[in-house]
Amino acid sequence: MNNVASPIGPLVDTPALGASLRRRPTLAALGPWLAIICLIIVFSLLNGNFFSVRNAINILQQAAVLVVLSLGGTFVILMGSIDLSVGSIVSMAGMCAAVLIRDYGEWAVLLAPLVAAAVGAVNGVLFAYARLPSFLTTLGMLFAVNGLTLYFSQGTAVGVAPDLRIASIFNGSVAGAPCIALWALVVLLFATFAARRTRFGRYLYAIGGGETVAKLCGVPVARYKLYAFIVSGLLAGFAAILLMLRISGSDPAMGAPLLLPAIAAVVMGGTPLTGGVGGPDRTLLGVLIITILQNGMNLADVNPFLQDVVLGGGVIAAVAVNMDRKGLSLVK
Amino acid sequence: MLMPNQGSADAPALEVRDLRKSFGDKLALDGVSLTLYKGEVVGLVGENGAGKSTLLKAISGNLRPDAGTIIVRGRATAFRSYREATRQGIFHIYQDLALVPTMSVYENVLLSHEEKFSRFGVIDNKAMRDRTASMFREFGHGGIDVSQKVQNFDFSTRQVIEIVKAFALADLLGITTPVMLLDEPTAALTADEVGFLMGLIEKTRSRAAIIYVSHRLSEVIAVSDRIYVLKDGAVVATMPAAGVAKDELHERMVGRTREEFFYREHLQQPPGERVALAVKDFSRPGSFAEIDVSVHAGEIVGVAGLLGSGKSDFGRALAGDLPGATGRVDIAGKLMKTRSVRDMSEAGLGYLPPDRRDSVIPPLSVAINMTLARLTRRTESVLLDLRTEISDARGLIKSLGIKTSGATAPAGTLSGGNQQKVILGRWLLRQAKVLVLDNPTNGVDAGAKEEIYSVLRAIAASGVAILLISDDLLELIGLSNRILVMRGGSIVQEIAAPPEAKPHEVDVVAHMV
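Only a predicted model underlies this, so the values are computations on that prediction, with no experimental measurement involved. (Residues numbered from 1 in each chain as written. Chains lettered and ligands numbered in written order. Predicted model: local features only at pLDDT ≥ 70, side-chain atom pairs only at ≥ 80, totals over all residues.)

> Looking at this model, I keep getting lost on the overall build of chain B. Mind explaining?
A tally of helices and strands in chain B yields 16 helices and 22 strands. Radius of gyration (C-alpha) of chain B: 25 Å, near the 24 Å computed for a compact globule of 513 residues. On the principal axes, the C-alpha backbone points of chain B span a range of 70 × 50 × 45 Å. Partitioning the intrachain contacts of chain B with sequence separation of at least 6 by distance along the chain shows that 71% fall at a separation of at least 24. (Helix = DSSP H or I, 4+ residues; strand = E, 2+ residues; numbered from the N terminus. Rg over C-alpha atoms; globule rule 2.2 N^0.38 Å. Contact = placed C-beta atoms within 7 Å.)

As structure tokens, this is what we get:
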């Protein structure tokens, strides 16, 4: 494309201002890394069992479901929107998966993410085309999807046999690495590629950074908003399968406690709720912070109720560090 | 300095001495002094960016000046907030009204002064209502139901509410001569409503001191006693309003002679053969009507007009960003059957909106900002080629002379002029055939303007058709091959502007007003 610019030739002489200079990392970019290192040091000192291969594998297993779930949320938050229904979608897709395995054989489980993607599509249509605020749309879906799951499951859990062949694909280990974490890694690689190297990802950054700009450049804004919500639903469905196979069954309430950690992980990693900056790779850091905190506090015998207090403080601290509040005249 | 005929030796209601304010390296106020007496209306005129709004904000405590003195009724002050200024009787009435639409009239009028109507923290709503109602009666607007929500009133009534609010507060605070700062009060009003507002000013002028800012010069001349002309942050002329002609005022506002080199007039080329943009019978109710324009490849066609002439709406509608326009539009010989933003950009029309916030994504890199429009072409791959993006961006950074620390620097770190060049680069990469530019040099300094003009000349020379909508008359005259003048939504005149016979500003202004 240089042939487009070159007929114009240099119009104004500008000294080359170090065009290849690398940007200096900011505090917001380094913050999650520093937090992870500090947590590892503190918990290693508190409990000798923390700093071990076995516990590292433990942490990765614990983190996997949250990684997949919050990667979906990352795409939505990158646009400056929010998906509050992902917890409910996990419950619904998990329940679908368990029922499908029971009634149609274990491979029918792969239909569950499609159900989840369909719920995401409903979110997307209401938000992007009916132009309802994503906060309220997905808040409504949170309740509706939860209700549907309870209605069809009659509020009871459905177990699956732990010796399914499909379970070994997700629960086994390869060369010492837990499969579930490897699956999460695969999703992470795909998500990062999608965000950084595809038009889809670029559009989401553009919509979050300046929706009017994106529109005036010819970006089909509504369509890509819909895509983001479908991806969010799809990944929630995949997270549901991982979770279901990990706990050998599905409980109609199993997704609800995941919603807030998923959003917290995205924000703690460095993708602000206003969108436009951050990305999937950053979300991994957020998930690790949360998981290491939970794991370390368990090993250090911290009262489980107080664990939530610490976690909450961590979220607030992360937002305080990450958010550039100077330019904001109003904080809502 | 002229003394107004107010027959009083009192101290001025407001005196501003040598006020200075800069934003970064841009000087917004360069030593402004101004005096305002009771019973007087002072008109304040100037081009966009001359410093009118900054001056009003500095006076009303919304902005802290870097240096200078503000003296209110003989006492030097330094307001730290608008609330403090209000307590001294300074009221700033904004272009975009500062009323809470979901609250009632009386709640708005007495907002933040409820303590005068409270006992032990409990608000006496009835007392507030009565007080407000009596104020409206006093100003001859007793018909306004003060318990109604503000959003139920039309725009001009809201303006009345805003002005009455200022007087009500002055009264409440025991101030006999409030200073009213009216910033473009008629910008969104119809002719009838303007008359209504003028009536209100007549009714109140004896008991206040008013600064009246407007782009509508005839209004300023009619309503003011004296007029201050502001240019580049300094007062360049003061004159009694009686007998001033609009053209004269305008010339003082612009205040510089057109320099041929500044606008690269020697690079102006005759238009090419091909018609790149053809517009026929283009109308939009309430905005513009029956516009016929064709712009040839390589031609720059200027669109002049005052605020409200419909020129900005015309540009936005062409870009597909304003629904409801009818008529025929052809781009590069292809009839546009549907005209969404996406259709227009896919056909090769690039639009630069007047507000830079609508064209730059500050946190994203220069390279990403530059390649965004090209990326939306249907023929582009869904996978990004980051290496090409960076090298294309570097090419443009070099050829357009963009000052940045690199192609990966966030666009928000660049100066306004350089951001504007990034956007022009965006449409170059997109290989746009038509560019619709609305005030492309809005808020950039003279040096950056000159560079942007160079870039525009080069873009035109490469065969792009440019429709240049601008409030800067000299820019229009200097850059355009011909100028279309819009008034009241229609094109009222076409003025040729070949390099050897550029029209004078007065020739253009004559058709604008």
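> What is the right way to read the nonpolar core from this model?
Counting residues in each nonpolar core, the largest one holds 176 residues, and the members touching the most others are Val68(A) and Leu242(A). Element by element, the count of residues in this core is highest for helix H11 (residues 221-246) of chain A, at 18 residues. Contacts of Val68(A), omitting those with residues within four sequence positions, involve Ala184(A), Val187(A), Leu235(A), Phe238(A), Ala239(A) and Leu242(A). If you look at the next biggest cluster of nonpolar residues, it comprises 66 residues, including Ala13(B), Leu99(B), Leu181(B) and Tyr212(B). (Core = buried A, V, L, I, M, F, W, Y, C linked by C-beta atoms within 7 Å. Buried ≥ 20, exposed ≤ 12 C-beta atoms within 10 Å, placed from the backbone.)

> Would you take a moment to explain the pairing of strand E16 (residues 326-331) of chain B for this structure?
Successive side chains on a regular strand alternate, one facing one side of the sheet and the next facing the other. Residue and element names in this part refer to chain B. Across five bridges, the pairing between strand E13 (residues 275-284) and E16 is antiparallel. Counterpart to Lys280 in the pairing with E16 is Arg328. By the bridge criterion, two bridges tie E16 to strand E17 (residues 334-335) in an arrangement that is antiparallel. Bridged to Ile331 within E17 is Lys334. Linkage of E16 to E17, two consecutive antiparallel strands, is achieved through a turn of two residues, within which Ala332 is found at a positive phi near 50°. (Pairing = 2+ DSSP bridges.)

> What is the right way to look at the sheet that holds strand E10 (residues 209-213) of chain B in this model?
The strands making up a sheet associate through backbone hydrogen bonding, with each pair oriented either parallel or antiparallel. All names here are of chain B. Spatially, six strands are ordered E6-E9-E10-E3-E11-E12 in an open sheet, and the strand pairing comes out mixed. Both outer strands of the open sheet, strand E6 (90-93) and strand E12 (234-240), are each paired with one neighbouring strand and no more. Direction aside, neighbouring strands of the sheet carry axes that sit 20° apart on average. As paired strands, strand E11 (residues 226-231) and E12 are joined by six bridges and run antiparallel to one another. When the bridges of E12 are listed, Tyr228 appears paired with Thr238. (Axes fitted to C-alpha atoms, helices over the stretch in contact; angles between N-to-C directions.)

> I would appreciate a short explanation of helix H6 (residues 134-153) of chain A in the present structure.
Spacing of three or four residues puts side chains on the same side of an α-helix, whose turn is 3.6 residues. All names here are of chain A. Spanning 20 residues, H6 covers 28 Å between terminal C-alpha atoms, matching the ideal 28 Å at 1.5 Å per step. Taken together, the buried positions of H6 are Ser134, Thr137, Thr138, Met141, Leu142, Val145, Asn146, Thr149 and Ser153. Relative to the axis of H6, the buried residues are bounded by an arc of 160° and lie together on one face. Looking at H6, the residues exposed on the side facing more than 90 degrees away from the buried face are Leu136, Phe143, Gly147 and Tyr151. Lining the buried residues of H6 we find helix H4 (86-104), helix H5 (112-129) and strand E1 (158-159). A positive phi of about 55° marks Gln154, the residue just after H6. (Expected span 1.5 Å × (residues − 1). Arc of directions from axis to C-beta.)

> Honestly, the packing of helix H4 (residues 125-138) of chain B against helix H5 (residues 155-172) of chain B in this entry has me stumped. Any pointers?
Relative orientation and spacing of two packed helices are given, respectively, by the angle between their axes and the distance between those axes. Residues and elements named next belong to chain B. With their axes 10 Å apart at the nearest point, H4 and H5 run at an angle of 115° to one another. Here H5 runs roughly perpendicular to H4, going by the angle between their axes. Note on packing geometry: the crossing formed by H4 with H5 is right-handed. Between H4, through Thr132, Met135 and Phe136, and H5, the contact on the second element is made entirely by Val164, Phe167 and Ala168. Of the residues in the contact of H4 with H5, the class split is five nonpolar, one polar and no charged. (Parallel < 35°, antiparallel > 145°, perpendicular 65-115°, else oblique. Left-handed = near helix turned anticlockwise from the far one by under 90°. Nonpolar A, V, L, I, M, F, W, Y, C, P; charged D, E, K, R; others polar.)

> Looking at this model, I keep getting lost on the domain arrangement of chain B. Mind explaining?
Interface extent is often summarised as the accessible area lost during association of the parts. Residues and elements named next belong to chain B. When cut into domains, chain B gives domain 1 (14-254) and domain 2 (265-512). Centre-to-centre separation of domain 1 and domain 2, based on C-alpha positions: 35 Å. At the junction of the two partners, domain 1 supplies 11 residues and domain 2 supplies 12 residues. In terms of residues, the side of domain 1 that touches domain 2 owes the most to one element, helix H8 (residues 246-254), which gives four residues. Its residues assigned to classes, the side of domain 1 that touches domain 2 comprises two nonpolar, four polar and five charged. (Domains from an automatic or database assignment.)

> Help me understand the confidence of the model for chain A in this model?
Low-confidence regions, as indicated by low pLDDT, have predicted coordinates that should not be scrutinised in detail. Per-residue confidence for chain A gives a mean pLDDT of 87; residues scoring 70 or more make up 88%. Contacts of residues 1-22 of chain A to residues separated by more than four positions or lying in other chains number 46 contacts, the stretch itself having pLDDT below 50. (pLDDT = per-residue confidence, 0-100.)

> Would you explain the pairing of strand E18 (residues 349-352) of chain B in this entry?
All names here are of chain B. Alternating residues of E18 divide into Leu349 and Tyr351 and Gly350 and Leu352, and every residue in both groups is buried. Relative to strand E19 (residues 434-438), E18 runs parallel, the two being bridged by four bridges. Bridging across to E19, Gly350 finds its partner in Leu435.

> Would you take a moment to explain the sheet that holds E16(B) for this structure?
Residue and element names in this part refer to chain B. One open sheet accounts for four strands, arranged E14-E13-E16-E17; its pairing is antiparallel. The open sheet has two edge strands with one neighbour each: strand E14 (288-296) and E17. Pairing of E13 with E14, which is carried by six bridges, proceeds in the antiparallel orientation. Following the sheet pairing, Val275 is matched in E14 by His296. Against the sheet, helix H9 (residues 311-318) touches E13, E14 and E16, its axis set at about 65° to E14.

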